[in-house]
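Here's the letter readout for the chains.
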Amino acid sequence: MWRAYRVIFRLRSPLHIGWGKVGNLQRTRPYVTGRALWGALTMRLTRDKAGAGPATDSRDYQRFGERVNEDLAFTYFYPATQAKGDYQVAWPWEKENLFRRRFLSSYQGTALSAFHHSAAIGMLREVEFISPYTLDTGEPVFLIGYIFERDGSELAWREALTRVQFGGERGYGWGDVGLTRPIDKVKDDVLFGGKVKFDGSADRVRIYVPASEPLLAHTFARNLPAQGEVEPLVGREWRSYNNLHRYTGQHVEFVGVCFTPGSVVEQDLNLVIGEFGIWQEINDNS
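What comes next concerns the included structure. This is a predicted model, so every value here is computed, not measured. (Residues numbered from 1 in each chain as written. Predicted model: local features only at pLDDT ≥ 70, side-chain atom pairs only at ≥ 80, totals over all residues. Heavy atoms only, no water.)

The first and last C-alpha atoms of helix H2 (residues 58-71) sit 20 Å apart over 14 residues, in line with the 20 Å expected at 1.5 Å per residue. Of all the residues in H2, the buried ones are Ser-58, Tyr-61, Phe-64, Gly-65, Val-68, Asn-69 and Asp-71. Taken together, the buried residues of H2 touch strand E1 (2-11), helix H1 (34-50), strand E4 (72-74) and strand E11 (142-150). (Helix = DSSP H or I, 4+ residues; strand = E, 2+ residues; numbered from the N terminus. Expected span 1.5 Å × (residues − 1). Buried < 20%, exposed > 50% of the residue type's maximum accessible area, 1.4 Å probe, protein only. Contact = heavy atoms within 4.5 Å.)

See the structure below:
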């Protein structure tokens, strides 16, 4: 019921995937979450449908967002460099300090006080980002992941992927990506060079994670035999149809408590890719 495709983006500008603040520093996740991909696709599809007209009703985005979750499933996307004619993924949890030195940098800025002709008090900020070039050797950085399409889907997601931006600071040109090659159909059941396998014959895409291998997406933590960090997934949304908290970023949505990517499973696990690319245990409806 599902066809898998490997998707490779070239990162063309700094990329910031929000991950909370430490002092003045706005941290970035070292990967593109499924929710970030879902948001970029939803925005592009909705605005393409609107054409030259306005796309100012959040219910239009809601409808396309539901279709994306129903017709597509996706992994997280990870930074990679070219190596020996192919691409080598850089896992953030392997040699973490080396990863940070190679891929992560930051930008400092502040709001200005026109009256005082100086920086506004308390407005200094520093935004961390994934660099479009490695900081040590200057190699171009790519983003690699997989998208699964349900049979019979009519979503124009391939065309949408040619004009998407990911993450924050997009008004400054950040998060710009471009497809580096045609989207390849996966011919076997292996993802990320054998880190995990998938089964596309069920109602939702299933993922097999061997024991002692890392989880490659946020995974609901309840009763899950794994070791690693856990975090609550909470985000702000725009819901113009709400009676309260209806403006941009006012609605707070709690998804659940999850193991973070890089957490290691203690036994073989069969999981399913849910909405926003989050993994969860298989239930009777999966």
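Further notes follow.
What follows concerns the layout of surface pockets. Here the second largest pocket defines a volume of roughly 380 Å³. Along its surface, the second largest pocket is lined by 16 residues, and Trp-19, Trp-93, Glu-96, Glu-229 and Pro-261 are the ones closest to its centre. The leading source of residues in the lining of the second largest pocket is helix H3 (residues 96-103), at 3 residues. Each residue belonging to the lining of the second largest pocket can be placed in one class, and the counts come to 8 nonpolar, 4 polar and 4 charged. (1 Å grid on protein atoms, 1.4 Å probe; cavity = no way out; pocket = protein on both sides within 12 Å on 5 of 7 lines; lining within 4 Å. Points joined across faces, edges and corners; volume = space filled by probe spheres on them. Nonpolar A, V, L, I, M, F, W, Y, C, P; charged D, E, K, R; others polar.)

Bridge count for strand E2 (residues 18-22) against strand E3 (residues 25-28) is 3 bridges, and the pairing is antiparallel. Opposite Gly-18, over in E3, you have Thr-28 as the bridge partner. Adjacent in sequence and paired antiparallel, E2 and E3 are bridged by 2 residues, among which Gly-23 carries a positive phi angle near 65 degrees. (Pairing = 2+ DSSP bridges.)

Below, the discussion takes up the environment of Gly-65. With respect to the helices, strands and loops of the structure, Gly-65 is situated in helix H2. Expressed as a C-alpha distance, the spacing of Gly-65 and Gly-235, which sit 170 residues apart in the sequence, is 15 Å. Contact partners of Gly-65, with chain neighbours within four places excluded, come to Trp-38 and Thr-42.

Next up on the list: the sheet that holds E3. If you walk across this open sheet you meet the 4 strands as E2-E3-E10-E7, and the pairing is mixed. Looking along the sheet, the strands with just one partner apiece sit at the ends: E2 and strand E7 (104-109). Along the sheet, successive strands turn relative to each other by an average axial angle of 25 degrees, direction set aside. Pairing of E3 with strand E10 (residues 125-130), which is carried by 2 bridges, proceeds in the parallel orientation. In the strand pairing of E10, Gln-26 is matched with Val-127. (Axes fitted to C-alpha atoms, helices over the stretch in contact; angles between N-to-C directions.)

Below, the discussion takes up the packing of H1 against H2. Their axes nearest at 9 Å, the elements H1 and H2 cross at an angle of 125 degrees. It follows that H1 is oblique to H2 by the angle criterion. For the crossing formed where H1 meets H2, the hand is right-handed. Counting all contacts with H1, which are made through Trp-38, Thr-42, Met-43, Leu-45, Thr-46, Arg-47 and Lys-49, the residues of H2 involved are Asp-60, Tyr-61, Phe-64, Gly-65, Val-68 and Asn-69. (Parallel < 35°, antiparallel > 145°, perpendicular 65-115°, else oblique. Left-handed = near helix turned anticlockwise from the far one by under 90°.)

Under the criterion given, the structure shown has 16 salt bridges. The partner of Glu-231 in a salt bridge is Arg-29, with the nearest N and O atoms 2.9 Å apart. Of this pair, Glu-231 sits in strand E19 (residues 230-237) while Arg-29 is found in the loop between E3 and H1, placing the two residues 202 residues apart along the sequence. The residue Lys-195 makes a salt bridge to Glu-213 at a minimum N-O spacing of 3.8 Å. Linking Lys-195 in the loop between strand E14 (190-191) and strand E15 (196-199) with Glu-213 in the loop between strand E16 (206-209) and strand E17 (219-220), this pair joins segments that are 18 residues apart in sequence. On the accessibility criterion, Glu-213 (24% relative accessible area) is partly exposed. Bridged by salt links that share partners, the residues Arg-3, Glu-149, Asp-151 and Arg-158 form one connected network. (Salt bridge = Lys/Arg side-chain N within 4 Å of Asp/Glu carboxyl O.)

It is worth spelling out H1 at this point. Counted at 1.5 Å a residue, the expected span for H1 with its 17 residues is 24 Å, and the 24 Å between its end C-alpha atoms agrees. For H1, the complete set of buried residues consists of Gly-34, Ala-36, Leu-37, Trp-38, Ala-40, Leu-41, Thr-42, Met-43, Arg-44, Leu-45 and Thr-46. Positive phi appears at Gly-51, one or two residues downstream of H1, with a value of about 65 degrees.

It is worth stressing that arrangement in space is one thing and function is another; only the former is reported here.
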